[in-house]
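Notes for the structure review
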Amino acid sequence: MGLGCLSKSAVAVLKTDDKLKDAKIVFVVGGPGSGKGTQCEKIVAKYGYTHLSSGDLLRAEVASGSERGKQLQAIMQKGELVPLDTVLDMIKEAMIAKADVSKGYLIDGYPREVKQGEEFEKKIGAPALLLYVDAKAETMVKRLMKRGETSGRADDNEETIKKRLDLYYKATEPVIAYYEKRGIVRKINSELPVDEVFAIVEKAIDELK
Ligand SMILES: Nc1ncnc2c1ncn2[C@H]1C[C@H](O)[C@@H](COP(=O)(O)OP(=O)(O)O)O1
Ligand SMILES: [Mg+2]
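Predicted, not measured: the structure shown is a model, and the values here were computed from it.

Cut-offs applied
Residues numbered from 1 in each chain as written. Chains lettered and ligands numbered in written order. Predicted model: local features only at pLDDT ≥ 70, side-chain atom pairs only at ≥ 80, totals over all residues. Heavy atoms only, no water. Near = heavy atom within 4 Å. Polar contact = N/O pair within 3.5 Å; in protein donor to acceptor, adjacent residues only side chain to side chain. Areas by Shrake-Rupley, 256 points an atom, 1.4 Å probe, with all protein chains shown as cover. Helix = DSSP H or I, 4+ residues; strand = E, 2+ residues; numbered from the N terminus. Nonpolar A, V, L, I, M, F, W, Y, C, P; charged D, E, K, R; others polar. Buried < 20%, exposed > 50% of the residue type's maximum accessible area, 1.4 Å probe, protein only. Pairing = 2+ DSSP bridges. Salt bridge = Lys/Arg side-chain N within 4 Å of Asp/Glu carboxyl O. UniProt positions renumbered as here; feature names shortened; annotations may be inferred. Expected span 1.5 Å × (residues − 1). Arc of directions from axis to C-beta. Contact = heavy atoms within 4.5 Å. Core = buried A, V, L, I, M, F, W, Y, C linked by side-chain atoms within 4.5 Å.

So, about the site of ligand 1. Close contacts around ligand 1 come from 15 residues, with G33, K36, T38, R147 and L192 the closest. Between ligand 1 and L192 there is a distance of 2.8 Å, counted from a nitrogen atom to a backbone nitrogen or oxygen. Burial of ligand 1 by the surrounding chains reaches 74%, relative to a free accessible area of 540 Å². Breaking the shell around ligand 1 down by element, the ones donating at least two residues are α2 (36-47), α7 (137-151) and α9 (194-206). Ranked by the residues each element gives to the shell around ligand 1, the list is headed by α2, at three residues. Across the shell around ligand 1, the residue classes tally to five nonpolar, seven polar and three charged.

This paragraph deals with the pairing of strand β1 (residues 25-30). Sheet faces and side chains relate simply in a regular strand, where the side chains alternate between the two faces. Burial of β1 is extensive: six of the six residues sit out of reach of the surface. Residues I25, F27 and V29 point to one face of β1 and V26, V28 and G30 to the other, with burial holding for every one of them. In the sheet, β1 pairs with strand β3 (residues 105-108) via four bridges, with the strands oriented parallel. Residue pairing across strands places F27 opposite I107, the latter belonging to β3. Note: β1 against strand β4 (residues 129-134), five bridges, orientation parallel. Bridge pairing in β4 links F27 to L130.

Tallied over the entire structure, the rule returns 18 salt bridges. Between D100 and K19 there is a salt bridge, and its shortest N-O distance comes to 3.5 Å. Placement of D100 in the loop between α5 (84-97) and β3 and of K19 in helix α1 (residues 8-19) is noted, with a sequence separation of 81 residues between them. Note on D100: relative accessible area 67%, which makes it exposed.

To continue, consider the UniProt feature "binding site: ATP" (unreviewed entry) in the protein chain. Mapped onto the present numbering, the UniProt feature "binding site: ATP" (unreviewed entry) falls at G33, S34, G35, K36, G37, T38, R147 and L192. Tracing the sequence through the fold places K36 in helix α2. Mapped onto the elements, T38 comes out in helix α2. Residue class for T38 comes out partly exposed when judged on its relative accessible area of 38%.

With that settled, consider α9. Spacing of three or four residues puts side chains on the same side of an α-helix, whose turn is 3.6 residues. In a regular helix each residue adds 1.5 Å, so 13 residues correspond to 18 Å; α9 covers 18 Å between its end C-alpha atoms and thus fits that length. For α9, the complete set of buried residues consists of V197, F198, V201, E202, A204 and I205. Relative to the axis of α9, the buried residues are bounded by an arc of 160 degrees and lie together on one face. In the core, the buried residues of α9 are packed alongside α2, β4 and β5 (185-189).

Under the UniProt annotation, "binding site: AMP" (unreviewed entry) lies at S54, R59, E80, L81, V82, G109, Y110, P111, R112, Q116, R153 and R164. With the annotated positions falling across 111 residues, the maximum pairwise C-alpha distance of 23.8 Å shows that they are not confined to a single cluster. Tracing the backbone shows S54 in helix α3 (residues 54-63). Residue contacts for S54: discarding those within four places in its chain leaves V87, I91, D108, G109, Y110 and R112. By the element assignment, L81 lies in the loop between α4 (67-77) and α5. The class for L81 is partly exposed, based on a relative accessible area of 29%.

Backbone torsion omega between Y110 and P111 reads 0 degrees, so that peptide bond is classified as cis. As for its position among the elements, P111 is in the loop between β3 and α6 (114-123).

With that settled, the discussion passes to the nonpolar core. In terms of nonpolar packing, the biggest core is built from 30 residues, with I91, M95, I107, F120 and L130 touching the most fellow members. Sorting the residues of this core by element identifies β1, α4, α5, β3, β4 and α8 (158-180) as the ones contributing at least two each. Broken down by element, the residue count for this core peaks at seven residues, all from α5. With residues up to four places along the chain from it excluded, the contact list for I91 reads L52, S54, L57, I107, Y110, F120 and I124. Ranked by size, the runner-up nonpolar core spans 16 residues in total, among them V26, Y47, L106 and L129.

Printed below as a string of structure tokens:
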């Protein structure tokens with residue numbers, strides 16, 4: 001059957017969804033400051049994946065000065081979670097934009113809670129792997145305080161860091177348990193030096209081929 005009976009916009013939606021049909025999707029989950037961004041950068045360099053940090057996408061929206069950006073800024077400054085649909089739409093748009101050149105997708109900092117994972121799978125697709133970037137709370141705080149000296153991020157301050165950590169343990173750890181059951185979680189010891197962490201990461205990615 002052709003697509004002649006559908007409206008132009010309906011056809012456009014079908015085609016963009018199709019673009020992500022066979023996409024290799026990796027969720028990168030871990031506390032703030034655990035080293036997700038650092039490892040993702042190295043995966044991009046070696047494997048040609050596209051790195052999508054939900055936080056970076058949101059911060060770009062804030063930087064654009066749009067009305068939506070202003071609302072987002074207020075939420076993020078308090079260390080709270082941004083509405084699900086907003087984040088998901090932004091991730092999907094960014095994925096489709098890279099579909100023709102990307103070897104796979106690193107979804108960094110998402111899902112933050114189980115519901116976000118479910119919605120992602122409904123709207124986009126299932127992850128092949130979840131990289132669980134694991135570091136001690138003490139280590140994360142130390143790294144974030146240091147990052148805060150130069151990052152210019154409004155949320156890299158002691159009070160917000162504490163809130164983000166609390167929220168991580170409460171909302172995001174259940175995400176890991178949820179995907180454990182599906183057998184796709186690889187736990188990465190991120191207390192080690194960056195290159196040693198990456199050696200573990202490489203093994204997990206190589207298994208995907
Ligand atoms: N394995 C490691 N050892 C030491 N420092 C690390 C590290 N991984 C990351 N860092 C540093 C780099 C950053 O300044 C800070 C937070 O790292 P990040 O990659 O920005 O974390 P995340 O993206 O998970 O918030 O810690
Ligand atoms: Mg990050």
